[in-house]
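# A structural walkthrough
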Amino acid sequence: MNLRGLFKSADNVLEGSPNKNDGTGKTEEKSYVYECPNCKSMLTRQGVREHDYSCPECDYYFHISARKRILMYADSKSFDELMAGVESENIIGFPEYDQKLLDARKKSGEKEGVVCGRITIGKMPCCIFSMDANFMMGSMGTVVGEKITALFEYATRQQLPVIGVTVSGGARMQEGMLSLLQMAKVSGAVKKHSDAGLLYVVLMTNPTTGGVEASFAMEGDIILAEPNALIGFAGPRVIQQTLKKKLPKGFQRSEALLKCGFVDDIVRRIEQREYLEQLLLLHGGRAQ
Ligand SMILES: [Zn+2]
C-alpha cells in the first residue's frame, strides 16, 4: 500500500509553502531554514524531520499530525488503517457545528480527530490510535469514542497490544452529553482488553486534558508522556481562577506528574520508537 498520498496537506511553518517543489522532482529541503521558537537556532526542514519533528538543539517539539506520528513509530509500509471512513454528524443540531466540522477536515486533512489502525514496530504487531490536534484540538466526540472503542475490541479479538497517543482539549461540547458518554464507552472496551491480559501503553502529548485525560489517557498499563506536556482535567487558568491562588511552577506538566506517580516515564520524542519497541518485546511481542 502506498502511504504517500495519505499525508495531510501542509498547514504549519514546518510543512508549509516555503519548501515548494521546484519542478525538477527535488525539493529544497536542505537550503530552507527555520528559526526554532524556543532557542532561536536556525534549523533545516530536513534536520527537524530527521529529529522526529523536534529541535536538535533544545528538544523543542513541533506539532506533529496524528498520521505522521503513527508513521514515525511504524515499520515501513506496515500501517493498515482501520475505520478510516467514519465521520461525525451534527447529531444535536448544535449551532455552527457543521461548518466547524468542514473546517476541521480541511485543516487536518482527516475525517475525524483520531486515526486508528494496525502497525508493526520491530516487526511486532500492535494496534495504535493517534489523536490529531488539528481536528478541533483533538476533542472527543461520538466518532472519536466509537473508533477507539472499536479499535480496542478489534485488538482484544486479535490478541494484540494497543498503543495510544493522546492530544486533546477534552470532550467535544458541540455533541453535548453524547461526547461525555464516550469516556465510559471507551473505558469499558479498555477494561475488556485488560481482562484478556493484553498490554495498553499510553503516550500523552501536549496537551492532554478534560474527558480524555480523565478516562482512557489514564487507563494505560504503562503511562508515558512527552517532556513538558500539559496534562490535567481542568486547565491551570480555570483552577487558578477558582482557587484564587497562584499555581506552582511546572503545575500539571509531565515532570510534576512523574513525581506524583501519575506518569510512569517521560520519553523524548527521538527515543520513543525504540522505547515502544522495547516495551512490546518485554511484554511478549513476537516478530511476525
Ligand atoms: Zn530549539
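Residues numbered from 1 in each chain as written. Predicted model: local features only at pLDDT ≥ 70, side-chain atom pairs only at ≥ 80, totals over all residues.

## A word on the pairing of strand β5 (residues 124–131)
Threshold: Whether a residue is buried, exposed or partly exposed follows from its count of other C-beta atoms within 10 Å of its own C-beta, namely 20 or more, 12 or fewer, or something in between, respectively; the C-beta atoms are built from the backbone. Each helix is a run of DSSP H or I of at least 4 residues and each strand a run of E of at least 2, with the numbering of both proceeding from the N terminus. Here the rule is simple: two strands pair whenever DSSP picks up at least two bridges between them. By convention, a crossover is right-handed whenever its connection, traced from the first strand over the helix to the second and viewed with the strands pointing away, goes clockwise.
Here β5 lies mainly inside the structure; eight of its eight residues are buried. Because side chains alternate across β5, one face comprises the buried residues Met 124, Cys 126, Ile 128 and Ser 130, and the other comprises Pro 125, Cys 127, Phe 129 and Met 131, equally buried. Here eight bridges tie strand β4 (residues 114–121) to β5, and the two strands are oriented antiparallel to one another. Counted as the bridge partner of Thr 120 is Pro 125 from β5. A loop of two residues connects β4 with β5, the two strands running antiparallel in sequence, and Gly 122 in this loop sits at a positive phi of about 60 degrees. Where β5 and strand β6 (residues 162–168) come together, four bridges link them in parallel fashion. Paired with Phe 129 across the strands is Gly 164, a residue of β6. Regarding the hand of the β-α-β motif, the stretch spanning β5, helix α4 (residues 142–158) and β6 is right-handed.

## Some words on helix α5 (residues 176–195)
Short version of the rule: Expected span, for any helix, means 1.5 Å times one less than how many residues it has. A pair of residues counts as a contact when their C-beta atoms, built from backbone coordinates, are separated by no more than 7 Å.
With 20 residues, α5 ought to run about 28 Å at 1.5 Å a step, and its terminal C-alpha atoms sit 31 Å apart, in line with that. Listing the buried residues of α5 in full gives Ser 179, Gln 182, Val 186, Ala 189, Val 190 and His 193. Tucked inside the fold, the buried residues of α5 contact α4, β6 and β7 (200–209). One or two residues past the end of α5 sits Gly 197, with phi positive at roughly 80 degrees.

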